[in-house]
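Topology and contacts: notes
One-letter residues, chain by chain:
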Number of protein chains: 2
Amino acid sequence: MTSRDEIEKRFKALQQKICNALEQMDGKSTFLSDNWTREAGGGGLTRVLTDGRVIEKGGVNFSAVHGIAPKKITEALGLSESDFYATGVSIVLHPQNPWMPIIHMNIRYFEMEPNNEKGEKTYWFGGGIDLTPHYVDPADAGFFHQSLKGVCDKTDPAYYQRFKKWADDYFYIKHRQETRGIGGIFFDRLNDKSESHSFDELWDFVVNVGEQFIPIYRHYVEKYAEKAFDDSHKQWQLLRRGRYVEFNLVWDKGTKFGLDTEGRTESILMSLPKNASWTYDYQPMENSAEEKTLNLLKKDINWISYA
Amino acid sequence: MTSRDEIEKRFKALQQKICNALEQMDGKSTFLSDNWTREAGGGGLTRVLTDGRVIEKGGVNFSAVHGIAPKKITEALGLSESDFYATGVSIVLHPQNPWMPIIHMNIRYFEMEPNNEKGEKTYWFGGGIDLTPHYVDPADAGFFHQSLKGVCDKTDPAYYQRFKKWADDYFYIKHRQETRGIGGIFFDRLNDKSESHSFDELWDFVVNVGEQFIPIYRHYVEKYAEKAFDDSHKQWQLLRRGRYVEFNLVWDKGTKFGLDTEGRTESILMSLPKNASWTYDYQPMENSAEEKTLNLLKKDINWISYA
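Model, not experiment: these values are computed from the prediction. (Residues numbered from 1 in each chain as written. Chains lettered and ligands numbered in written order. Predicted model: local features only at pLDDT ≥ 70, side-chain atom pairs only at ≥ 80, totals over all residues. Heavy atoms only, no water.)

Brief notes about the environment of Glu81(A)
Residues and elements named next belong to chain A. Following the sequence through the fold, Glu81 ends up in the loop between α2 (71-76) and β4 (82-95). Along the primary structure Glu81 and Gly119 are separated by 38 residues, whereas in three dimensions their C-alpha atoms are 9.8 Å apart. Among all residues touching Glu81, those that are not within four sequence positions of it are Ile68, Pro114 and Asn115. (Helix = DSSP H or I, 4+ residues; strand = E, 2+ residues; numbered from the N terminus. Contact = heavy atoms within 4.5 Å.)

Regarding the side chain of His145(A)
With respect to the secondary-structure elements, His145(A) resides in helix α3 (residues 138-155). Not counting residues up to four positions away in its chain, the partners in contact with His145(A) are Tyr160(A), Lys164(A), Ile182(A), Gly183(A), Gly184(A), Trp303(A) and Ile304(A).

Some words on the sheet that holds strand β5 (residues 101-114) of chain B
Residue and element names in this part refer to chain B. The 7 strands are arranged β1-β2-β3-β4-β5-β6-β9 in an open sheet whose pairing can be described as antiparallel. Every interior strand has two partners, whereas the edge strands, β1 (32-37) and β9 (183-190), have only one. In this sheet, neighbouring strand axes are inclined to one another by 10° on average, regardless of whether the strands run parallel or antiparallel. When strand β6 (residues 122-133) meets β9, the two strands line up antiparallel, connected through 6 bridges. Across the sheet, Gly127 pairs through a bridge with Phe187, a residue of β9. (Pairing = 2+ DSSP bridges. Axes fitted to C-alpha atoms, helices over the stretch in contact; angles between N-to-C directions.)

What to know about the environment of Glu201(A)
Residue and element names in this part refer to chain A. Residue position: Glu201 is located in helix α5 (residues 199-224). Along the primary structure Glu201 and Met1 are separated by 200 residues, whereas in three dimensions their C-alpha atoms are 9.7 Å apart. Contacts of Glu201, omitting those with residues within four sequence positions, involve Thr155 and Ser196.

A closer look at the packing of α3(A) against α5(A)
Residue and element names in this part refer to chain A. Contact pair α3 / α5: the axes reach a minimum separation of 9 Å and the direction vectors enclose 160°. Put simply, α3 runs roughly antiparallel to α5. You can see that α3 and α5 cross each other, and the crossing is right-handed. For the pair formed by α3 and α5, the contact residues are Asp140, Ala141, Phe143, Phe144, Ser147, Leu148, Val151, Cys152, Lys154 and Thr155 on the first element and Glu201, Phe205, Asn208, Val209, Gln212, Pro215, Ile216, His219, Tyr220, Lys223 and Tyr224 on the second. Here the residues of the contact of α3 with α5 are counted per class, giving 12 nonpolar, 5 polar and 4 charged. (Parallel < 35°, antiparallel > 145°, perpendicular 65-115°, else oblique. Left-handed = near helix turned anticlockwise from the far one by under 90°. Nonpolar A, V, L, I, M, F, W, Y, C, P; charged D, E, K, R; others polar.)

Side note on the relation of the copies chain A and chain B
Each copy of the chain is related to the other by a rotation around an axis and a translation along that axis. Overlaying chain A with chain B gives an RMSD of 0.0 Å, the required rotation being 180° about an axis along which the chain moves by 0.0 Å. Expressed as an axis order, the relation between the two copies is that of a two-fold axis. In this assembly the copies share their binding face: 100% of the residues contributing to the interface of chain A also contribute to that of chain B. (Least-squares fit on C-alpha atoms with pLDDT ≥ 70 in both.)

Brief notes about helix α1 (residues 4-26) of chain A
An α-helix turns once per 3.6 residues; consequently, residues spaced three or four apart project the same way. All names here are of chain A. Between its terminal C-alpha atoms α1 stretches 33 Å, which fits the 33 Å expected from 23 residues at 1.5 Å a residue. The set of residues buried in α1 consists of Ile7, Phe11, Leu14, Gln15, Ile18, Cys19, Ala21, Leu22, Met25 and Asp26. Against the buried residues of α1 lie β2 (42-50), β3 (55-68), β4, β5 (101-114), β6 (122-133) and α5. A positive backbone phi angle near 75° is found at Gly27, which sits one or two residues after α1. (Expected span 1.5 Å × (residues − 1). Buried < 20%, exposed > 50% of the residue type's maximum accessible area, 1.4 Å probe, protein only.)

Let's talk about the packing of α1(A) against α5(A)
A pair of packed helices can be characterised by two numbers: the angle between their axes and the separation between those axes. Residue and element names in this part refer to chain A. The contact between α1 and α5 brings their axes to 10 Å, and the two run at 5°. By the angle between their axes, α1 is roughly parallel relative to α5. Here Ile7, Arg10, Phe11, Leu14, Lys17, Ile18, Ala21, Leu22, Gln24 and Met25 of α1 come into contact with α5, specifically with Phe199, Trp203, Val206, Val207, Gly210, Glu211, Phe213, Ile214, Tyr217, Arg218 and Val221. Partitioned by chemical class, the residues of the contact of α1 with α5 number 15 nonpolar, 2 polar and 4 charged.

As for the packing of aromatic side chains
What the rule picks out here adds up to 60 aromatic pairs over all chains. Between Phe163(A) and Phe205(A) the ring centres are 6.0 Å apart and the planes differ by 40°, which places this aromatic pair in the tilted class. One end of the pair, Phe163(A), is in helix α4 (residues 159-170); the other, Phe205(A), is in helix α5, with 42 residues separating them in the sequence. Of the two residues, Phe163(A) and Phe205(A), neither departs from the other in class, the shared state being buried. For the pair Tyr135(B) and Trp236(B), a centre-to-centre distance of 6.4 Å together with 40° between the ring planes defines the contact as tilted. Placement of the pair is Tyr135(B) in the loop between β6 and α3 (138-155) and Trp236(B) in helix α6 (residues 231-251), with a sequence separation of 101 residues. Among the aromatic residues, those joined into a ring-pair cluster are Tyr159(A), Phe163(A), Trp166(A), Tyr170(A), Phe171(A), Phe186(A), Phe187(A), Phe205(A) and Phe247(A). Above the ring of Trp99(A), the side-chain terminus of Lys227(A) is found at 4.0 Å from the ring centroid. (Phe/Tyr/Trp six-rings, centres within 6.5 Å; stacked < 30°, edge-to-face > 60°. Lys NZ or Arg CZ within 6 Å of the ring centre and 35° of its normal.)

Shape descriptors only; they carry no functional weight alone.
The following block contains the structure:
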């Protein structure tokens, strides 16, 4: 069984690999490194790239923290006081070009051990990749989902459908009755009790998800990073970023939980764009690309059928 | 005792009066009117001004809604199924000029009547005015608080201290350890049981708060609407707007409640600025105006002492 230290090391290496690949694709800007420690235990390395050719503002975070689990977690899980350990890589990239999507990836490993005789140590994996195009192109969405299905199928033929639905339900902006984007895959609390897979099989799955990030992003960079756009596209991008902010601050459980338990605010909110915009009661023109996108921000679309 | 209809009428008249005064001060743009109805009962009039001389994006909302109270309210109050009625005026103005503050006012009246024999009808008033300067000037903050103290003192010499503290506690961005601005007054659940004042005295107080809005705003318009600024001031304004967005979407109970109970999203989120910005780990320069402002975004400052 892969050890905690090996997982942490692999996540760190993946962060480095992804940052290198992104710098190479961007070709203009590089990642700053911000090492931080957490008073109550552990720390992280936040890497931020701004004002690049491709990426306007993006973060690739690694963290490995431990200590007494916040009461909010243990209460939610019905546990007494527990030690926890959490490590993961978390990415959000906001592109310059409105034809490029916003991308988000997170992979994480969690351990929890109640501080009493009876308490059994538990662990689980979580994560996913999801995409928020400012303009939804069904064929691109098909490519994205096909690529995620490929990763899922290597471990379990049932995973893609299950985790695709999970993403549809999770990345939903309830007060707008819109999905945040075209979803992707989302999974949480996977372990060898919840799944018919061993610890190492699940760990391989998580690593495969992480390794798929760059090939996916490369597709969009090559196709869209230099595509011409005008002010109206930029305005729409700013409005869609506004919706992204709304989702992250109002509904995203990870963000809320982090802010509520005195997580590191700057690392949590690196997910927010450089700028965003709000217009009262914006209505897209009939048959416009913006209206077509809005009509595709729905749950339960079978994107694979467009691949 | 002032009737529900009279309260509603007075709120509507106040909305009109404030919009007229703001249009006259702005001198460039005018308010659009958006009448809406709520399927489950009632409706409102949302008025929005954009791209003015003084105001970049501002809303002055009136609403009067009724029906079965959302479960989240009745459960929080420990009540069985109840009819409710709520009316109020709510204002947020985001100015063009970074030297101008963002201002927020809300006054509201609420009735609740459980649908059973024992249930006693209750009502209360709530509201307040608070200010979010992009740059905090202590003398201006003194003027603002002195003006609110004047309104409070007319009804109760204890109100200002009590409601000033309430605003400090309410408008607090916990994850930034900053207040949203310089506070003001905030009050809720005032009725003739909680207070040693009659219904009509409390109603007079609420009307006085509403009537104070224009004289306060006029002070800032006359002093700052045309004050010269440069790009660095504008950048800071955008960052402070980012914090405003964070407060409203993460911590503001009214916003969360509205979005959670299927309130009218566009009217609730008219509080958001036309644009806002986020920079990773922004640090102001030493002894800069920005750093001075950050040092004044604290609870429990005695602003009156600067008046």
